[in-house]
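The lines below spell out each chain.
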Amino acid sequence: MSSKEKEPLFSEKNRKLFTDQLGRNNPVTVQVLGICSALAVTVKLEPALVMALSVTIVLAVSNLIVSALRNYIPDRIRIIVQLVVIATMVILVDQTLKAYAFDVSRQLSVFVGLIITNCIIMGRLEAFAMANKPWPALLDGIGAGAGYGIILIIVAFFREFLGSGTIMGYPILEKIGVYSFGYEDNGMMILPPMALIVVGLIIWVQRSRNRELIEK
Amino acid sequence: MKNFSNRYIFVFSFIMVVIVASLLALAATLLQPAQERNLEIAKKRSMLESIGVISTKDNSVELYDRYITESFVLNIQGEVIEDVDAFNVVLRNEQRKPPEDQHLPVFRAFPDDGEKVVILPVEGKGLWGPIYGYVSLRSDLNTIYGVTFDHDKETPGLGAEINTTGFESMFTGKKLYQDDRFVSVQVLKGGADPSDQHGVDAISGGTITSKALEEMLSDCLKKYDAYLTQNRN
Amino acid sequence: MENLLNIFIKSIFVDNMVFAFFLGMCSYLAVSKTVKTSVGLGIAVIFVLVITVPVNFLIEKYILRKGALIWLGESFADVDLSFLTFMIFIAVIAAMVQLVEMIVEKFSPALYNSLGIFLPLIAVNCAILGASLFMQEREFLNITEALVFGAGSGIGWFLAIVGIAAIREKIRYSNVPAPLRGLGITFIITGLMAIAFMGFMGIKL
């Protein structure tokens, strides 16, 4: 605020860093990053939300740290430094979850640890944080985390709704009473393959609406 | 890109390692009590569930102290082993030892209906990972008073149904012994006859988990055979 | 022996890294355009898994686990370093990959030329760290089990990537709806392959 001649905090460019990754430049469906561990936690909405939040926090903070240190990190060991920063953040998140969100941390099991090798994080650190100032880097981190989270939440919503008939554990279909008409939950939705197919369908929808993204 | 001397790289890595290590050690030390408490509460809650007491995170310790007041550890001959705390026995580690060295924990509970109940822990392998739980027996040491099961990662909607009340409640009233012979409880595909004292319905679509559960019950409870037979009336 | 075979078969077909746990999806999607490169990457993954899983097993057993340091003396019995697990595992993996790369380069230039470019990619492949974390979670009893598990997981991943690459080579001649081309159809095919692999579920020897 003090320095008017500088670029404002929420300039057009900075806002774009955030909004672009929600749609047009989504890390999962367009940049093809970070699909690795995440899909396994999309059976229910709750773990997916926690996972999305954890990734966003880890990504934003590591982006910030690496960007702040970018002029001091020796080029030769930069990958190791990045890994150490990420691993530290992930351990902190994991320990906190184990202490304060025990039930969810049990459902996520090893997948919290796998955030370390989530390619989104390495990708954003290497491509953005190493070359930009801390504030845009933080926004970029939050943006990428949110873009990743949105896909996770969409997938988890459909899988939980169609597969178990609940939303966030609330038995919505049972309350409406569709079971009395002979409706049954689609057990297929909760099995791993359907996560892949749902992501495939999301990509289909996104690309038919935004033709620039179509691959040749 | 700037060039850094080797000494700079060395100093940089050293400082980084020191900062990271102290940060993590601090976090681990601060959070460890809360983590261990979570594990303890989870264990107490599931034990309480097996005698039909529903507890929350906050009152589980208090309820545990009220209902489950005694515990001891047996060996396979049914003799009490002194100086071992039953609550801290990790069943998974015990199962790796030869049977004669295993510690078998027993908990005694006194629910509100005046029954004297023993609670026995069980653990085994499901389809994808471990399954575990507690079986509580009435004072005749034969009739099941209640059970609770849980799993780490059975197939949702299929095998994972073992931790639902619908499945667990079928076990109540079933018997472990038939004419003084240990027969355990069978989990029957296609449904069990309601009058069958040793069988419950399997989970449809969860055949492997059901079978694993049956195996777990018979393996774990059979080790208490000596104790149960000696003390049955 | 039977137990080992069981772990082996299970880790290839039932608990397949790609189809059951979505691990290593990034390189799986990026490198599966032709069969030749995917064979290279697949072999490199097997190679690295066979080395890192047993090494991490030993580290877990003698350093990280609660009470593991007891061989240093009674006073270490209560030391619990398990909070460092992620850090140490990833460091071991990065170091091992580097080491393997140097050794291969020195002793077998031909192999290095075909595998070399993939090795750096592998350090951040989730399948590698994933296998070590699953090894820890499943509490294998001895190093042979860990080794067999590592090998099985690697072969499972190899099968998956070679399979999808073969399909993708053929699908280029098919008339796929434009928005699905490339990434979209690959996801859906992987889903269908995963359904096929589910047929192996419940195999027990």
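Further up the page is the structure itself.
The following refers to the structure shown. Since the structure is predicted, the reported quantities are computational estimates derived from the model, not experimental observations.

The rules behind these values
- Residues numbered from 1 in each chain as written.
- Chains lettered and ligands numbered in written order.
- Predicted model: local features only at pLDDT ≥ 70, side-chain atom pairs only at ≥ 80, totals over all residues.
- Heavy atoms only, no water.
- Helix = DSSP H or I, 4+ residues; strand = E, 2+ residues; numbered from the N terminus.
- Rg over C-alpha atoms; globule rule 2.2 N^0.38 Å.
- Buried < 20%, exposed > 50% of the residue type's maximum accessible area, 1.4 Å probe, protein only.
- Contact = heavy atoms within 4.5 Å.
- Areas by Shrake-Rupley, 256 points an atom, 1.4 Å probe, with all protein chains shown as cover.
- Lys, Arg positive; Asp, Glu negative; His and termini not counted.
- Charge placed at Lys NZ, Arg CZ, Asp CG, Glu CD.
- Buried area = accessible area lost by both parts, 1.4 Å probe.
- Salt bridge = Lys/Arg side-chain N within 4 Å of Asp/Glu carboxyl O.
- Polar contact = N/O pair within 3.5 Å; in protein donor to acceptor, adjacent residues only side chain to side chain.
- Nonpolar A, V, L, I, M, F, W, Y, C, P; charged D, E, K, R; others polar.
- Axes fitted to C-alpha atoms, helices over the stretch in contact; angles between N-to-C directions.
- Left-handed = near helix turned anticlockwise from the far one by under 90°.
- 1 Å grid on protein atoms, 1.4 Å probe; cavity = no way out; pocket = protein on both sides within 12 Å on 5 of 7 lines; lining within 4 Å.
- Points joined across faces, edges and corners; volume = space filled by probe spheres on them.
- Pairing = 2+ DSSP bridges.
- Core = buried A, V, L, I, M, F, W, Y, C linked by side-chain atoms within 4.5 Å.
- Phe/Tyr/Trp six-rings, centres within 6.5 Å; stacked < 30°, edge-to-face > 60°.
- Parallel < 35°, antiparallel > 145°, perpendicular 65-115°, else oblique.

### Let's talk about the overall build of chain B
Phase 1: Counting secondary structure elements, chain B contains six helices and ten strands.
Phase 2: Since a compact globule built from 233 residues should have a radius of gyration of about 17 Å, the 23 Å found for chain B marks it as more spread out than a globular shape.
Phase 3: Its C-alpha atoms give chain B principal-axis dimensions of roughly 85 × 45 × 35 Å.
Phase 4: Every one of the 233 residues in chain B was classed for burial, and the buried ones make up 45%.
Phase 5: The contacts in chain B between residues at least 6 apart in sequence include a share of 51% that link residues at least 24 apart.
Phase 6: A total of about 11,800 Å² of accessible surface is found on chain B, and carbon and sulfur atoms cover 53% of it.
Phase 7: Computing the positive centroid from 24 side-chain charges and the negative centroid from 33, chain B places the two 7 Å apart.

### Brief notes about the interface of chain A and chain C
Phase 1: Between chain A and chain C, the contact holds 45 residues from the first and 38 residues from the second.
Phase 2: Taken over both partners, the interface formed by chain A and chain C buries close to 3,500 Å², and the fraction arising from carbon and sulfur atoms is 84%.
Phase 3: The interface formed by chain A and chain C includes zero salt bridges.
Phase 4: Remark: the boundary between chain A and chain C carries zero residue pairs in polar contact (both at pLDDT 80 or more).
Phase 5: Taken together, the elements giving at least two residues each to the side of chain A that touches chain C come down to helix 3 (78-100), helix 5 (119-127) and helix 8 (192-209) of chain A.
Phase 6: Looking at side-chain class alone, the side of chain A that touches chain C contains 30 nonpolar, ten polar and five charged residues.

### Looking at the packing of helix 2 (residues 45-69) of chain A against helix 3 of chain A
Think of two packed helices as two axes; the pair is described by the angle between the axes and how far apart they sit.
All names here are of chain A.
Phase 1: Running from N to C, helix 2 and helix 3 point in directions that differ by 145 degrees, and their axes come no closer than 9 Å. As helix 2 runs across helix 3, the sense of the crossing is right-handed. Residue-level contacts link V50, S54, V58, V61, S62, I65 and V66 of helix 2 to Q82, V85, I86, M89, V90, V93 and L97 of helix 3.
Phase 2: Considered class by class, the residues forming the contact of helix 2 with helix 3 number eleven nonpolar, three polar and no charged.

### Some points on the environment of R108(B)
All names here are of chain B.
Phase 1: Note that R108 resides in strand 3 (residues 104-109).
Phase 2: Linking R108 and A42, residues 66 residues apart in sequence, is a C-alpha distance of 18 Å.
Phase 3: With sequence-adjacent residues up to four places away left out, R108 is seen in contact with Y67, I68, T69, E70, F72, V117 and V118.

### A short note on the interface of chain B and chain C
How big an interface is tends to be reported as the loss of accessible area on association of its parts.
Phase 1: With 13 residues of chain B at the interface, the matching set in chain C holds 15 residues.
Phase 2: For the pairing of chain B and chain C, the buried interface totals around 1,200 Å² over both sides, and the portion due to carbon and sulfur atoms is 58%.
Phase 3: Of all residues in chain B, R96(B), W128(B) and K153(B) bury the most surface against chain C, accounting for 41% of the area lost on that side.
Phase 4: Applying the counting criterion to the chain B and chain C interface returns zero residue pairs in polar contact (both at pLDDT 80 or more).
Phase 5: Top element by residues in the side of chain B that touches chain C is helix 1 (residues 6-50) of chain B. It accounts for six residues.

### Regarding the side chain of T148(B)
Phase 1: Here T148(B) is to be found in strand 6 (residues 144-151).
Phase 2: Classification of T148(B) as buried rests on a relative accessible area of 3%.

### Regarding the pattern of salt bridges
All names here are of chain B.
Phase 1: Across all of its chains, the model carries nine salt bridges over all chains by this definition.
Phase 2: Between E40 and K44 there is a salt bridge whose closest N-O contact spans 2.9 Å. Of this pair, E40 and K44 both sit in helix 1, four residues apart, which is roughly one turn of that helix.
Phase 3: Among the ionic pairs, R138 bridges to E115, the shortest N-O distance being 2.7 Å.

### Side note on empty space enclosed by the protein
Phase 1: In this structure the tally under the stated criterion is three cavities of 30 Å³ or more.
Phase 2: Of the pockets and cavities examined, the largest cavity occupies roughly 50 Å³.
Phase 3: In terms of residue class, the lining of the largest cavity is built from five nonpolar, two polar and one charged.

### Some points on the environment of A86(B)
Phase 1: For A86(B), the position within the fold is in the loop between strand 2 (80-81) and helix 3 (91-94).
Phase 2: Through-space distance from the C-alpha of A86(B) to that of V61(B) is 16 Å; in sequence the pair is 25 residues apart.

### Considerations on the sheet that holds strand 3 of chain B
Residues and elements named next belong to chain B.
Phase 1: The six strands are arranged 2-1-3-4-5-6 in an open sheet whose pairing can be described as antiparallel. The sheet terminates laterally at strand 2 and strand 6, the two strands that pair on one side only.
Phase 2: The strands that helix 2 (residues 60-67) touches are strand 1 (68-74) and strand 3; relative to strand 1, the one it contacts most, it runs at about 75 degrees.
Phase 3: Across the face of the sheet, helix 5 (residues 207-222) comes into contact with strand 4 (117-125), strand 5 (130-137) and strand 6 while running at roughly 125 degrees to strand 4.

### Topic: the nonpolar core
Phase 1: Counting residues in each nonpolar core, the largest one holds 131 residues, and the members touching the most others are L23(C), Y28(C), I122(C), W157(C) and F187(C).
Phase 2: Broken down by element, the residue count for this core peaks at eleven residues, all from helix 3 of chain A.
Phase 3: Among residues more than four places away in sequence, those in contact with Y28(C) are V18(C), F19(C), W157(C), A160(C), I161(C), I164(C), T190(C) and M193(C).
Phase 4: Counting 33 residues, the second largest nonpolar core, distinct from the first, contains V147(B), F171(B), L213(B) and Y224(B).

### Focus on unusual backbone geometry
Phase 1: In this model, S184(B) sits at a positive phi of 60 degrees, which is unusual for a non-glycine residue.
Phase 2: Within the secondary structure layout, S184(B) lies in the loop between strand 8 (181-182) and strand 9 (186-188).
Phase 3: Even without a glycine there, the phi angle at F22(C) is positive, about 60 degrees.
Phase 4: In this structure, F22(C) sits in the loop between helix 1 (2-14) and helix 2 (25-30).
Phase 5: A relative accessible area of 1% places F22(C) in the buried class.

### Concerning the packing of aromatic side chains
Phase 1: Here the structure, examined in full by the defined rule, presents 16 aromatic pairs over all chains.
Phase 2: With a centroid separation of 5.7 Å and 70 degrees between ring planes, the pair formed by Y64(B) and F87(B) is classed as edge-to-face. Separated by 23 residues along the polypeptide, Y64(B) in helix 2 and F87(B) in the loop between strand 2 and helix 3 bring together distant segments of the chain. Note on accessibility: Y64(B) and F87(B) belong to one class, buried.
Phase 3: Between F167(B) and F171(B), the aromatic rings sit 5.4 Å apart at their centres with planes inclined by 75 degrees, giving edge-to-face as the arrangement. Across the pair, F171(B) and F167(B) agree in class, each one buried.
Phase 4: Members of the aromatic cluster, joined through ring pairs, are F13(C), F19(C), F197(C) and F200(C).

### Brief notes about the packing of helix 8 of chain A against helix 9 (residues 183-197) of chain C
Phase 1: Between helix 8 of chain A and helix 9 of chain C, the least distance of the axes is 8 Å, while the angle of their chain directions is 160 degrees. It follows from the interaxial angle that helix 8 of chain A and helix 9 of chain C lie roughly antiparallel. In terms of crossing hand, the pair formed by helix 8 of chain A and helix 9 of chain C is left-handed. Counted together, P193(A), L196(A), I197(A), V199(A), G200(A), L201(A), I203(A) and R207(A) of helix 8 of chain A and L183(C), G184(C), F187(C), I188(C), T190(C), G191(C), L192(C), A194(C) and I195(C) of helix 9 of chain C form the full contact between these two elements.
Phase 2: Taken together, the residues of the contact of helix 8 of chain A with helix 9 of chain C sort by class into twelve nonpolar, four polar and one charged.

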